[in-house]
Amino acid sequence: DAGVTQSPTHLIKTRGQQVTLRCSPKSGHDTVSWYQQALGQGPQFIFQYYEEEERQRGNFPDRFSGHQFPNYSSELNVNALLLGDSALYLCASSDKRVNWKKLFFGSGTQLSVL
Amino acid sequence: AQRVTQPEKLLSVFKGAPVELKCNYSYSGSPELFWYVQYSRQRLQLLLRHISRESIKGFTADLNKGETSFHLKKPFAQEEDSAMYYCALSGPGGGADGLTFGKGTHLIIQP
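Everything quoted here is computed from the prediction, not taken from an experiment. (Residues numbered from 1 in each chain as written. Chains lettered and ligands numbered in written order. Predicted model: local features only at pLDDT ≥ 70, side-chain atom pairs only at ≥ 80, totals over all residues. Heavy atoms only, no water.)

**Quick look at the sheet that holds strand 8 (residues 72-74) of chain B**
All names here are of chain B. Heads up, the condition is: A strand pair is defined by DSSP finding two or more bridges across the two strands. The numbering of helices and of strands both runs from the N terminus, where a helix is a DSSP run of H or I of at least 4 residues and a strand a run of E of at least 2.
Judged by pairing direction, the sheet is antiparallel, and its three strands sit side by side in the order 3-8-7 without closing on themselves. Either end of the sheet is taken by a strand with one partner, and the two such strands are strand 3 (19-21) and strand 7 (60-61). Bridge count for strand 7 against strand 8 is two bridges, and the pairing is antiparallel. Paired with Ala 61 across the two strands is Leu 72, which belongs to strand 8.

Structural data, given as structure tokens:
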């Protein structure tokens, strides 16, 4: 089991562009959460997907949106990129039937906005 | 609003010495507390949860509701304990409310 996989590992965009990040959960997991980690900060909760629906959302604007597919994989979309969106984006999966709070993290996607 | 505070950005101790990483939280209710760890070049991973009251790699953490703290302790530090440690909080129940993380403490164990 490769665990949680994220792609791409690095991404460079310019202000105003749109970006899509992808995540495949750990085998057997049905819940995907996305976190943003700015340099020197802890991860900050963006949103969580379960059964292909956004179940909860952190304090992020509508420019941040997501999707979960029937195979439990997920995408994070960010529109109208700002310089402040530069960060490491972490995907975490969990099994809601067991304990959704036991998160398994991916290695992240490093997004740089120029 | 819920908040997690880790007052030390960096903590350096010698091998064999006791370790205590501080975590204080703010939450109007009964939270669940966690410690996550990230070793060099590895992913962030769960170290322990207060609910399970377990000891992982010699680390323990006790939830003190009076002091709203969840400090991580180990009696004798080992070099392999060097890592970034994050304290995290969640509301109880099955709600998908995400985890609130602190800013982390970088623990360095000197030989």
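Here the narrative resumes, following the displayed structure.
**What to know about the side chain of Thr20(A)**
All names here are of chain A. Keep this limit in mind: Any pair of nitrogen or oxygen atoms within 3.5 Å is treated as a polar contact; in protein, a donor-acceptor pairing is required on top of that, and neighbouring residues in sequence qualify only through side-chain atoms on both sides. By definition in these notes, contact holds between two residues if any of their heavy atoms fall within 4.5 Å.
Residue position: Thr 20 is located in strand 3 (residues 19-24). Within the local environment of Thr 20, its side chain forms a polar contact with the side chain of Gln 18, the two groups lying 3.0 Å apart. Polar contacts involving the side chain of Thr 20 include one to the side chain of Asn 77, which spans 2.6 Å. The residues touching Thr 20, leaving out its near neighbours within four places in the chain, are Glu 75, Leu 76 and Asn 77.

**Comments concerning the interface of chain B and chain A**
Operational definition: As a working definition, buried area equals the accessible area (1.4 Å probe) given up by two parts on being put together, with both sides summed. Put simply, a salt bridge is a Lys or Arg side-chain nitrogen that is within 4 Å of an Asp or Glu carboxyl oxygen. In this count, Pro and Cys sit with the nonpolar residues alongside Ala, Val, Leu, Ile, Met, Phe, Trp and Tyr, while Asp, Glu, Lys and Arg are called charged and the others, Gly among them, polar.
At the junction of the two partners, chain B supplies 21 residues and chain A supplies 22 residues. A combined buried area of about 1700 Å² lies between chain B and chain A, and 52% of that area is made up of carbon and sulfur atoms. The interface formed by chain B and chain A contains zero salt bridges. Counting the contacts that link chain B with chain A gives five residue pairs in polar contact (both at pLDDT 80 or more). For the side of chain B that touches chain A, the secondary-structure elements that each account for two or more residues are strand 5 (32-38), strand 6 (45-49) and strand 9 (83-90) of chain B. Take the side of chain B that touches chain A: its biggest share by element is three residues, from strand 5 of chain B. The residue makeup of the side of chain B that touches chain A, split by class, is nine nonpolar, seven polar and five charged.

**Topic: the pairing of strand 9 of chain B**
Residues and elements named next belong to chain B. The test is simple: Partly exposed residues are those whose accessible area sits between 20% and 50% of the maximum for their type, while under 20% is buried and over 50% is exposed, using a 1.4 Å probe and protein chains only.
Among the eight residues in strand 9, seven count as buried, and that is most of the element. The pairing of strand 5 with strand 9 spans seven bridges and is classified as antiparallel. In the sheet register, Leu 33 faces strand 9, and the bridge partner there is Leu 89. As paired elements, strand 9 and strand 11 (residues 105-110) share three bridges and run antiparallel to each other. Its bridge partner lying in strand 11, Met 84 is registered against His 106. Strand direction decides the pairing type here: strand 9 and strand 10 (residues 100-101), joined by two bridges, are antiparallel. The residue bridging Ala 88 from the neighbouring strand is Phe 101, located in strand 10.

**Re unusual backbone geometry**
Glycine aside, negative phi is the norm for most residues, and most peptide bonds take the trans geometry. Residue and element names in this part refer to chain A. Note that the residue after Ser 7, namely Pro 8, is joined by a cis bond; omega there is -10°. Within the secondary structure layout, Pro 8 lies in the loop between strand 1 (5-7) and strand 2 (10-13). Its identity as a non-glycine residue notwithstanding, Ala 80 has a phi of 45°, on the positive side. Within the secondary structure layout, Ala 80 lies in the loop between strand 8 (74-78) and strand 9 (87-95). The exposure class of Ala 80 is partly exposed, given its relative accessible area of 37%.

By themselves, these figures tell us nothing about what the structure is for.
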